[in-house]
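Take a look at the letters that make up each chain.
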Amino acid sequence: MPKKNRTPSTIPRQDHEVPAPVSWRRLISVALLTGAVRHLGTLLAGLAVTWWQHD
């Protein structure tokens, strides 16, 4: 009777894989998009304050 190939119970199983690292292009695009959104938000807030204080 052939032996079955079993893994010992002392070795922890790795059921989940390690996620792939984020590429630098994605990091740069997210940083640029975040900066652009913040800049637009600042401009809109400035326009709202200017319009609100206009006599």
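Look a little higher up for the structure.
Just so it is clear, the structure is predicted and the values come from calculations on it, not from any experiment.

Draft legend 1. Summary view of the overall build of the protein. In terms of helices and strands, the protein carries one helix and zero strands. A buried classification covers 0% of the 55 residues belonging to the protein. For the protein, the computed accessible surface area is about 6400 Å², with 64% contributed by carbon and sulfur atoms.

Draft legend 2. Molecular detail of a nonpolar patch on the surface. Residues Trp 24, Ile 28 and Leu 32 make up a contiguous nonpolar surface patch of roughly 370 Å² in combined accessible area. Examined against the element boundaries, Ile 28 turns out to sit in helix H1 (residues 24–53).

Draft legend 3. Molecular detail of H1. Compared with an ideal rise of 1.5 Å per residue, which puts 30 residues at 44 Å, H1 spans 43 Å between its outermost C-alpha atoms and is within 8% of the ideal. The element H1 is barely covered by neighbouring structure, given that only zero of its 30 residues are classed as buried.

About the criteria used
The residue numbering used here restarts from 1 in each chain and proceeds along that chain's sequence as written. Reporting in this predicted model follows two pLDDT cut-offs: at least 70 for local features of residues, and 80 or more for side-chain atom pairs to be given and counted; totals over whole chains, interfaces and linings ignore these cut-offs and use all residues. The basis for every side-chain value is the complete set of non-hydrogen atoms in the structure, without hydrogens or water. In DSSP terms, a helix is any run of H or I states spanning at least four residues, a strand is any run of E spanning at least two, and both are numbered starting from the N terminus. Throughout, exposure labels follow a simple rule: accessible area from a 1.4 Å probe, protein chains only, divided by the maximum for the residue type, with under 20% read as buried, over 50% as exposed, and the rest as partly exposed. Each accessible area is a Shrake-Rupley estimate made with a 1.4 Å probe; only the visible protein chains count as cover when residues are assessed. The patches described consist of residues with a relative accessible area above 30% and no salt bridge, like charges being joined within 9 Å and nonpolar side chains (Val, Leu, Ile, Met, Phe, Trp, Tyr) within 5 Å. Throughout this description, the term salt bridge denotes a Lys or Arg side-chain nitrogen within 4 Å of a carboxyl oxygen of Asp or Glu. In this scheme, a helix's expected span is set at 1.5 Å multiplied by one less than its residue total.

Don't take any of this as a statement about function, it's just geometry.
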